[in-house]
Amino acid sequence: MARQRGPKVFAIVLAGGEGKRLMPLTADRAKPAVPFGGIYRLIDFALSNLANSGFLQMVVLTQYKSHSLDRHVTKTWRMSTMLGNYVAPVPAQQRRGKQWFSGSADAIYQSLNLIHDEHPDIVVVVGADHVYRMDFAQMVEQHIESGARATVAAIRQPIEMANQFGVIELDQSSPQKKIAAFREKPSDPVGLVDAPHEVLASMGNYVFDTDALIEAVTADAELEDSKHDMGGDIIPAFVERGEAYAYDFRDNVIPGATDRDFGYWRDVGTLDSFFDAHMDLVSIHPIFNVYNYDWPIMTNASSFPPAKFIHGASARQGMATGSMISPGCIISGSVVNGSVLSPNVHVHSFAQVDDAVLLDNVQIGRHCRIQRAIIDKDVSVPPGVSIGLDHDDDRARGFTVTDSGLVVIGKGTVIPS
Ligand code: ADQ
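Conventions used here
- Residues numbered from 1 in each chain as written.
- Predicted model: local features only at pLDDT ≥ 70, side-chain atom pairs only at ≥ 80, totals over all residues.
- Heavy atoms only, no water.
- UniProt positions renumbered as here; feature names shortened; annotations may be inferred.
- Helix = DSSP H or I, 4+ residues; strand = E, 2+ residues; numbered from the N terminus.
- Buried < 20%, exposed > 50% of the residue type's maximum accessible area, 1.4 Å probe, protein only.
- Contact = heavy atoms within 4.5 Å.
- Near = heavy atom within 4 Å.
- Polar contact = N/O pair within 3.5 Å; in protein donor to acceptor, adjacent residues only side chain to side chain.
- 1 Å grid on protein atoms, 1.4 Å probe; cavity = no way out; pocket = protein on both sides within 12 Å on 5 of 7 lines; lining within 4 Å.
- Sits in = over half its atoms within 2 Å of the grid points.

Looking at an unreviewed UniProt entry, one finds the protein named Glucose-1-phosphate adenylyltransferase, with Rudaeicoccus suwonensis as its source organism. In its Subunit (unreviewed entry) section, the UniProt entry covering the protein states "Homotetramer." The record held by UniProt for the protein lists under Pathway (unreviewed entry) the comment "Glycan biosynthesis; glycogen biosynthesis."

Here is the structure:
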């Protein structure tokens, strides 16, 4: 792994989000710990991007339901402290009293000792909720060249999604993309001049001069009317002082990226967007290419045996098409289409699974029909049960059904025969 050159960079991964809109997947795990793409957790994307960028000193600020997140980070991402590389999960410090962090800026404020200990020149702050590849070294380079005190990564998004993002307005007279205005989740967005149906959205990834970040979160901590939020309070303060610039994600070049996945970035904050991002993975020419080994997405190595496809009791061939099947899975005399299976999923004879995301240890019984569903860990679907074919029935059984008709079953749910 490349050693860091140039300015000393310290990375903070904000991993305390609750992920309410991903319920029931976030019922007992933090959003960054939600499994994704068969073998990953969401946080692996942010941590892989930082590690591939050569930034190997990272802390992960955790908060809600952090047990499985801590376990994953400690087990997967512990690196050699002897080489000066590490990833440390840091729980809420409660330095300022008994309350937990109130917002992402407060989380940084309460963890300032970590920055003081390291004396970095630059602090990179990233979210842990997105699926994408990004070379943060290129963003740091632009940050230094532009003379910014804060740089915000920016991507064009449809205007109807503006109320989910920080929306950036650029100073048109500034070739370096100085930010003229920043509004967090506006309800009355204005479209871009060259694309009225789009806005320039903050990706929730920031680069700061260390002293500027320390000053900003310290000053913000004193403000009673602040929500202590990076997007809502800290970035607007930098913009007001004329010290914030945007970094255009389209300028980010990733080795091995294809035309199809160039510029790919998904906020998987809702059940539907989480599901859609899985379907991006299994489309014939993947829209997000996990097979790009020039910029690997890293996670823990599994000790499961390879996936197996076998003739079932009826001599029907066990098969999967357009699907990603993880180690330890057994598809026996059944058919899986357009789906992503996490490790150790068993699909038994005569079952049919279409467009599904099945997390670890899910058991699909004989003659089951599963269609357009997410089934969380440790769920056993008894023989002959259908899911996703009759939404009234799905609701009556207590499953979550989204407006688009996606059925979601929480971890460990006991499904009656
Ligand atoms: P949101 O994602 O809505 O918008 P927030 O809920 O603060 O903002 O989450 C940002 C990141 O911080 C997430 O990774 C979350 O897990 C983490 N986080 C939140 N509170 C935390 C806490 N107290 N401790 C530790 N981690 C915490 C943000 C920006 C927008 C931007 C979108 C992009 O505010 O401007 O457009 O991200 O998705």
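Next comes the rest of the description.
## Some remarks on the side chain of Ser53
Relative to the helices and strands, Ser53 is located in the loop between helix 1 (43-52) and strand 4 (57-61). On the accessibility criterion, Ser53 (10% relative accessible area) is buried. If we skip the residues at most four places from it in the chain, Ser53 touches Met134, Asp135, Phe136, Ala137 and Trp295.

## Some details on the site of the ligand
Surrounding the ligand, one finds 26 residues, the nearest of these being Gly16, Gly17, Glu184, Lys185 and Ser202. A distance of 2.9 Å separates an oxygen atom of the ligand from a polar side-chain atom of His130. When each cavity is represented as a set of grid points, the ligand is found to reside in the largest pocket. Contributing elements (two or more residues each) for the shell around the ligand: helix 3 (104-110), strand 10 (179-184) and strand 11 (198-209). The element contributing the most residues to the shell around the ligand is strand 11, with four residues.

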